[in-house]
Amino acid sequence: MENYRSVTKLSDLKAYLDGQPIVAFDFETAPDDAYRNEPKAALDPHKAHITGVSFSVSEGSAVYVPIAHKVGGNIENADAVWAYLKELLYENKSVVKVAHNLSFEAMFLYAMGIVVKAPCYDTIAASQLTLKSKWEFRNLHDSGLKLLATQLFCADMPSFETVTAGRHFDEMNPQEHDALRYACADSDYTLRLYYKFNNWFDRFLPQHRVIVEQLESPTAVYCGLMKYNGVPIDRDLMIERQKEAEEKIAEIKKKIDGITGGVAIGANASTSAFKQYLYKDLGLPVMKKTEKNQEAADDAAMQMLKEWCAENKPELVRLFELVQEYRKWGKLKSTYIDGYLTYVNTATGRIHPDLMPLGTETGRFSARNPNLQNCPRKTNDPIGIRNFIVAAPGNVLMSLDFSQIELRVGAFYCRDPKMLDTYRSGGDIHAQTTSVIFNVPFDVAVDKNAPDYKEHRTIAKNCNFGVFYGLFPRGLQTTLRFKAGLDTPLDHCREIIDNLKAGYSGLTTWQEETKKTARETCYAETWLGRRRYLIGMLSEDWGKRSFAERCALNTPIQGTAADILKAACGRIVEGISERMWLRPLLQIHDELVFELPADRLGEAIRFVKACMEQQPYPEFDVPIVAEVSVGPRFGKMEELED
C-alpha cells in the first residue's frame, strides 16, 4: 500500500527525514518563463528550475515537497528548506543519498551552489552493473526508472506525458492524486531499486556494489558538474573556420573533378558512381570488400589503392591523395564545426555534452551530443578544432593527463622487472622498449642524435600501446603504416614482437595466464572486480575467439585505468565545494580539463594533482603521474614542468 503525501511545512519535512540513514530523492523540474516553448528545456538547469522534490525513506512511503508550482500549495520559506537539505542531506556524510540518474540531480543542485557528497548511490549506475541475462549486463537503454519499476516490481508507472497531458509539471496541482503519485513514486521506486540491486550484488557480485558506491556514484556527481559547466567556445572563430573549410573543400573537389571528369563523389567520396569509376572505368583491383561483399571505398581501401597505384599506375596516386584530403576536410567541417555549432546552448553560449561514465564495457567514459572526446589533436587538424575551446576572460584552461596510465597498469599486472624498475626510477619506458626490441644499449635508445632514433622510438611507442592487448605482427604492420607512415615488412614486425616478449619476460607469462583464466571463467575483471563477460572465449570461430582473447587482455588494463580515473573524480568532488571557482569541464580518455581564474592556478594544480596521483589501491606499487598543461585555448595548452 502506497503512503504518499504532500508536505508544505518544514517541520513536517524534518519529521520525515531527521535521523534517516538512507534517503532517496527525485526532482521535478519545469522551464523558466523564457523557455516555456522550447523542447527539453526542463532538463537544462540553465533554462529550468526545480519545481519540487520527493523523498522516500522506506519502501511504499514518500513525501513530495512542492517548491515552485503555479497552482496548489507550495512549501513555506523555500530558502530555509534548501538550507536544511544542504546541511542535513546533500552534504551530510552520515546519510546515503540515493537517486536514479544522480548526475541530473547533482547538476541542478550544483546550480544552487550545492555539491552532493559521499556516501551517495546512483541506481542507474547500479542497473548497468547488474545482469539482465546470464552473460549480459543491462545497458543505459535498459535502465530507465519506469522500465525497471515495471519489470522488477510490476509497478504501474504512467509516463510523464500521460500524467501532464501537455502541461509543464509546475502547472500541475501538487496536492492532487496524479501529480502527487507521479512525483512520489519516482523516489519510492528509486529506494526499492537501491535495496533490490544491493541484495543482488551481495548475492552474486559483491565487488560491483563497491564499485557503484565508491566509484560510479561519486563519478555521476562529477559528470553533473561537467554537464552544468559546459565547454566555453569561440563561436566567431568557428564561423570563420567554417567558411575557410567550405572554400578548401570546394578547391579540392575542383582538382578531383579535373582528374575524374566530374564524377559525382558526394560529401565523402564514397558514392556508387565513384566506385564504378574506380573499379569499372579505371579497372583498378578490388583491394577490400564490405561486409555485404561489395567493393569498399573507405579510408583503408583508398590507402591500399594508392599504394597499388604507386607501383602500377603512378599517374593516379594524386587522385587518392586528393580524396583523402577531401574526406579529412569534410569530416572536420561536418563533425567538428557544423556538428558542434548545433549544440551551442542558447542560454550559456557553451556546449554541454552528455558524458556517460558507463558508456563502454571496460568502464571508460563515452560522450555524445556532441562527442567531444574525439576532438582531434593538433597533429591531425589543419583547422585547429581545439582552439574553438577558449577560457572566459580572466580565466585559463587547465588539463591534467595521466602519463602512460595504461602502461603503468600493465606493468603492475605483468610484474616485469624491467618495466617496474623503469617506472619506479622515473625512466623512459619508450626508450626501454627501443633498447629491448632493437637490442641497443639504453644510452643509444635515448640519444636523439642516434641513427634511426625517430623511427625506432615510433615503433617502440606503438608496440607499448598495443602489445599488452595481444598485438599480432600484421596488426603492428597496419598500425605503423596508418598511424606512423612506416612501411615495415611483416617479418620485421614479427621479429620486433618476438624481441619485445623475450625482453619483457613477465609480459608473455601474464598474457597466457590471463587468457587461460578467461577461458575457464568466460569473463575478465579489473583490479576492483569490475566484470566483463567474454562468451566468445568458447567460440569455435577463430575470429570471435581471438577478439575475446584481446578483450581479456584489454579489460584488466584499460578498465583498471578507468577505475583509477573515476576514483580521482570522486576525490575532486569531495573537495570541490571549498573550491567552487574550480570548474570541471571535460573528461577525455585519461585527461581531466578545468576552467579557473588565472590567479588560482597554483592552488588548483596542487589540489587536482594530489587527487589524481594518490595511490589507488594498497597493492598498486607503480607511481602514478599526472601531467599539467595550461593555456587560454585548448589548442594552445603548454605543459608545465614540475
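The text that follows walks through the structure, step by step, so that each part is easy to find. Remember, it's a predicted structure, so these values are computed and weren't measured experimentally.

Now for the nonpolar core. Core analysis: the biggest nonpolar cluster contains 148 residues, and Leu13, Leu17, Phe55, Leu85, Tyr90, Met398 and Phe594 have the highest contact counts within it. At 12 residues, helix H7 (residues 177–204) tops the list of elements feeding residues into this core. Within the second largest apolar cluster, 49 residues are counted, among which are Tyr279, Ala297, Trp329 and Tyr340.

Attention now moves to the sheet that holds strand S16 (residues 626–631). Ordered by their spatial adjacency, five strands build an open sheet running S14-S15-S11-S16-S17, and the pairing between neighbours is antiparallel. With partners counted over all chains shown, the strands left at the sheet margins are strand S14 (583–588) and strand S17 (638–640), one partner each. Neighbour-to-neighbour, the strand axes of this sheet turn through a mean angle of 30°, independent of strand direction. Note that strand S11 (residues 395–402) and S16 share six bridges and pair antiparallel. Pairing of leucine 400 across the sheet is with valine 628, part of S16. In the packing of helix H8 (residues 206–229) onto the sheet, the strands contacted are S14 and strand S15 (591–597), and the crossing angle to S14 comes to about 105°. Sheet contacts for helix H21 (residues 542–576): S11, S14 and S15; angle to S15, the most-contacted strand, approximately 20°.

Another point: the pattern of salt bridges. Side-chain pairs of opposite charge can arise where the charged atoms are in close proximity. Here the structure, examined in full by the defined rule, presents 42 salt bridges. As a salt-bridge pair, glutamate 574 and lysine 93 come within 1.8 Å of each other at their nearest N and O atoms. Of this pair, glutamate 574 sits in helix H21 while lysine 93 sits in the loop between helix H2 (78–90) and strand S5 (96–99), and the two are 481 residues apart along the sequence. For glutamate 574, a relative accessible area of 30% corresponds to the partly exposed category. Where arginine 530 meets glutamate 216, a salt bridge forms, and the shortest distance between an N and an O atom there is 2.7 Å. Taken together, the residues arginine 530 in the loop between strand S12 (523–525) and strand S13 (531–533) and glutamate 216 in helix H8 connect sequence positions 314 residues apart. Each member of the pair, arginine 530 as well as glutamate 216, is classed as buried. What you see here is one network of salt bridges that share partners, running through Glu216, Arg530, Asp563 and Lys566.

An order of S1-S4-S3-S2-S5-S6 is seen for the six strands of this open sheet, with the pairing classed as mixed. Pairing within the sheet leaves two strands with one partner each, and these edge strands are strand S1 (3–6) and strand S6 (120–122). Put simply, the sheet's adjacent strands are angled 25° from each other on average, direction ignored. Looking at chain direction, S1 and strand S4 (residues 61–66) are connected through four bridges and run parallel.

Calculation rules
Residues numbered from 1 in each chain as written. Predicted model: local features only at pLDDT ≥ 70, side-chain atom pairs only at ≥ 80, totals over all residues. Heavy atoms only, no water. Core = buried A, V, L, I, M, F, W, Y, C linked by side-chain atoms within 4.5 Å. Buried < 20%, exposed > 50% of the residue type's maximum accessible area, 1.4 Å probe, protein only. Helix = DSSP H or I, 4+ residues; strand = E, 2+ residues; numbered from the N terminus. Pairing = 2+ DSSP bridges. Axes fitted to C-alpha atoms, helices over the stretch in contact; angles between N-to-C directions. Contact = heavy atoms within 4.5 Å. Salt bridge = Lys/Arg side-chain N within 4 Å of Asp/Glu carboxyl O.

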